[in-house]
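Given next are the chains, with one letter for each unit.
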Amino acid sequence: MKILVVNAGSSSLKYQLIDMETEQVLAKGGCERIGIPGSILKAKGNGKEKVYEQDMPNHKVAIELVLHALHDGEIGVIKSMDEIGAVGHRVVASGEYFKKTTLVTPEVLKTLEEKTFELAPLHNPAAATGLRACMEVMPKTPMALVFDTSFHATMPEKAYLYGIDYEDYKNFGVRKYGFHGTSHKFVSAEAAKYLGKKPSELKIVTCHLGNGSSITAVDGGKCVDTTMGFTPLAGVLMGTRSGDIDASAVEFLARKKGMSHAEVINYLNKKCGVAGISGVSSDFRDLIAGAEQGNARCALALDMFAYQTKKFVGAFAAAMGGLDCIVFTAGIGENTPVVRAGVCEGLEFLGVKLDKAANAGKNTGAIREISAKDSKVKVLVIPTNEELVIARETAELL
Ligand code: ADP
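Residues numbered from 1 in each chain as written. Predicted model: local features only at pLDDT ≥ 70, side-chain atom pairs only at ≥ 80, totals over all residues. Heavy atoms only, no water.

### Looking at the pairing of strand 3 (residues 24-32)
Now for step 1: Pairing analysis gives seven bridges linking strand 2 (residues 13-19) to strand 3, with the strands arranged antiparallel. Residue pairing in the sheet places L13 in a bridge with C31 of strand 3.
Now for step 2: Count of turn residues in the strand 2/strand 3 antiparallel hairpin: four residues, of which E23 carries a positive phi of about 55 degrees.
Now for step 3: Pairing geometry for strand 3 and strand 4 (residues 40-45), over six bridges, is antiparallel. For G29, the partnering residue across the bridge sits in strand 4 and is A43. (Pairing = 2+ DSSP bridges. Helix = DSSP H or I, 4+ residues; strand = E, 2+ residues; numbered from the N terminus.)

Written out as structure tokens, the structure reads:
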């Protein structure tokens, strides 16, 4: 069976067509800068690559272009949509509505659209748009929703509860859910394999640093804590998201800016983070270029990001009572030496020692060890593969 995996992020849409008998990737690609001028699809298939420089104002246009690429005479790998056995969609937020990977029915779609958008206003609408576009083109193909939250289900109560009235947690489900679960699951398992250890023997902090960023404590193969919370707004500051902020500031900002609380939350999701601090961009490549040209606020945004990430690495080492390995993954984690160096600097007391040359090395697409030979804590760069986890879960469901 061939499974198409669709991973729609806030400004990106990645896809893979995977043959589940061999787990071989038949075609893959990614749309970048969706909704931003200069959108582009880089698609691979048949051992060739093709770049489509085409305006993608929204995710529907992006998925249509992806489906076109799968049929493309040059790089196409399928002749008809019937060859796709199922589509697995990455969905960021489930709340308490979905506990595990779920087959799409009209009711499921309704719940997704009516109940979960407010939990992940940047991502769930993008996933639903991708889902609807696929359903239009492939009405007979089963669609599965694979949630970012599932891997975090093992968090103990003391980690996922907020200090609010317990009855409000019970009645409204206000608690930490965690996100990026498929990525944290994949890279922590890969780290154990790479280190030749059983997951049960390791205390790992996984840093998924992308447009959205989250850090997770994985003790013995299981998530015990994570930085994102009730929504993906919490934790470290991100591309456009503020990260943790005193809840009282929401009401204060609402008054000062003449906004409703909902408008402030929208502002905290879309206008803040490194984009708000730098005043330049949410994209770390732009921030690095700005900092190199002497823009102090770009440098500050980069500093804040590394500092906040480092604090969580330390906190999670304390939570687990030790640390064997730090993993960096996702767009920034895999590609940005200056951020990795900023996170690891000052963690020598925990036994972290970076190999500067290895850290500065190019992203090879393979697992890279960037800690010094005598570092007590291993530091690894591991390309994430959320798509493979999503394809496996979709196949299992069918
Ligand atoms: P999303 O959450 O949208 O899936 P990604 O994981 O693709 O995000 O990460 C996007 C971030 O990664 C952007 O800030 C981008 O600047 C950064 N990034 C991606 N590739 C590179 C690169 N080659 N060098 C530096 N930063 C990169």
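Now that the structure has been shown, the text picks up again.
### Considerations on a nonpolar patch on the surface
Now for step 1: There is a patch of nonpolar side chains on the surface, built from M1, L103, L397 and L398 and spanning about 330 Å² of accessible area.
Now for step 2: When you line up the elements, L103 lands in strand 7 (residues 102-103).
Now for step 3: Owing to a relative accessible area of 39%, L103 belongs among the partly exposed residues under this scheme. (Patch = residues over 30% accessible without salt bridge, like charges linked within 9 Å, V, L, I, M, F, W, Y side chains within 5 Å. Areas by Shrake-Rupley, 256 points an atom, 1.4 Å probe, with all protein chains shown as cover. Salt bridge = Lys/Arg side-chain N within 4 Å of Asp/Glu carboxyl O. Buried < 20%, exposed > 50% of the residue type's maximum accessible area, 1.4 Å probe, protein only.)

### Thoughts on the layout of surface pockets
Over the atoms, a rolled probe matching the size of one water molecule traces out where space is still vacant.
Now for step 1: Estimated volume of the second largest pocket: approximately 820 Å³.
Now for step 2: If you go around the second largest pocket, you meet 28 residues; those closest to its centre are Y162, F230, T231, L233 and I265.
Now for step 3: When residues of the lining of the second largest pocket are assigned to their parent elements, the largest contribution, six residues, is made by helix 8 (residues 261-270).
Now for step 4: Residues that form the lining of the second largest pocket fall into these classes: 15 nonpolar, seven polar and six charged. (1 Å grid on protein atoms, 1.4 Å probe; cavity = no way out; pocket = protein on both sides within 12 Å on 5 of 7 lines; lining within 4 Å. Points joined across faces, edges and corners; volume = space filled by probe spheres on them. Nonpolar A, V, L, I, M, F, W, Y, C, P; charged D, E, K, R; others polar.)

### Examining the site of the ligand
Now for step 1: The ligand sits among 14 residues. The nearest are S12, N211, D283, F284 and G331.
Now for step 2: Here an oxygen atom of the ligand sits 3.5 Å away from a polar atom, N or O, in the main chain of G212.
Now for step 3: Measuring from an oxygen atom of the ligand, one finds a backbone N or O atom of F284 at 3.0 Å.
Now for step 4: Within the complex, 80% of the 570 Å² of free accessible area of the ligand lies under protein. (Near = heavy atom within 4 Å. Polar contact = N/O pair within 3.5 Å; in protein donor to acceptor, adjacent residues only side chain to side chain.)

### Concerning the sheet that holds strand 2
Now for step 1: What the eight strands build is an open sheet, ordered 5-4-3-2-1-6-8-7; its pairing is mixed. Two strands in the sheet have a free side with no partner beyond their single neighbour: strand 5 (48-52) and strand 7.

### Here we look at the pattern of salt bridges
If the charged atoms of two oppositely charged side chains come close together, the side chains can form a pair.
Now for step 1: One pass over the structure, following the stated rule, counts 20 salt bridges.
Now for step 2: A salt bridge links E64 to K60, with the shortest nitrogen-to-oxygen separation between them at 3.2 Å. Here E64 and its partner K60 are both found in helix 1 (residues 59-71), four residues apart, which amounts to about one turn of the helix.
Now for step 3: You can call E64 partly exposed: its relative accessible area is 38%.
Now for step 4: Judged by relative accessible area, which is 30%, K60 ranks as partly exposed.
Now for step 5: Residue K378 is joined to E369 by a salt bridge in which the shortest nitrogen-to-oxygen separation is 3.4 Å.
Now for step 6: Judged by relative accessible area, which is 24%, K378 ranks as partly exposed.
Now for step 7: For E369, a relative accessible area of 28% puts it in the partly exposed group.
Now for step 8: Look at the salt bridges and you will find they share partners, linking E32, K42, D283 and R285 into a network.

### Considerations on the packing of aromatic side chains
Now for step 1: Enumeration over the complete set of coordinates arrives at six aromatic pairs.
Now for step 2: Centroid distance F98 to F147: 5.0 Å. Interplanar angle 15 degrees. Geometry classified as stacked. Linking F98 in the loop between strand 6 (84-91) and strand 7 with F147 in strand 8 (residues 143-147), this pair joins segments that are 49 residues apart in sequence.
Now for step 3: A relative accessible area of 9% places F98 in the buried class.
Now for step 4: A relative accessible area of 2% places F147 in the buried class.
Now for step 5: Ring centres of F312 and F316 lie 5.9 Å apart, and the angle between their planes is 40 degrees; on these two criteria the pair is classed as tilted. Note that F312 and F316 are positioned in helix 11 (residues 296-320) at a spacing of four residues, about one turn of the helix.
Now for step 6: An aromatic cluster of three or more residues is present, and its members are Y160, Y166 and Y169.
Now for step 7: Here the guanidinium or amino end of R175 rests over the ring plane of Y160, the centre of that ring lying 3.7 Å away. (Phe/Tyr/Trp six-rings, centres within 6.5 Å; stacked < 30°, edge-to-face > 60°. Lys NZ or Arg CZ within 6 Å of the ring centre and 35° of its normal.)

### Regarding the packing of helix 1 against helix 3 (residues 124-137)
Now for step 1: Across the interface, helix 1 lies against helix 3 with an axial gap of 8 Å and an inter-helix angle of 45 degrees. Between helix 1 and helix 3, the crossing angle belongs to the class labelled oblique. Between helix 1 and helix 3 lies a crossing of right-handed hand. Along its contact with helix 1, which presents H59, K60, I63 and L67, the element helix 3 presents A126, T129, G130, A133, C134, E136 and V137.
Now for step 2: Class assignment of the residues belonging to the contact of helix 1 with helix 3 gives a composition of six nonpolar, three polar and two charged. (Axes fitted to C-alpha atoms, helices over the stretch in contact; angles between N-to-C directions. Parallel < 35°, antiparallel > 145°, perpendicular 65-115°, else oblique. Left-handed = near helix turned anticlockwise from the far one by under 90°. Contact = heavy atoms within 4.5 Å.)

### Quick word on the nonpolar core
The nonpolar side chains of a soluble globular protein tend to be buried with one another.
Now for step 1: Ranked by internal contacts, the top residues of the largest apolar core, which has 41 residues, are L4, L13, L41, L70, I84 and M138.
Now for step 2: Considering each element in turn, this core owes the most residues, seven residues, to helix 1.
Now for step 3: Counting residues in hydrophobic clusters, the runner-up holds 33 residues, among them C207, I215, L302 and V377. (Core = buried A, V, L, I, M, F, W, Y, C linked by side-chain atoms within 4.5 Å.)

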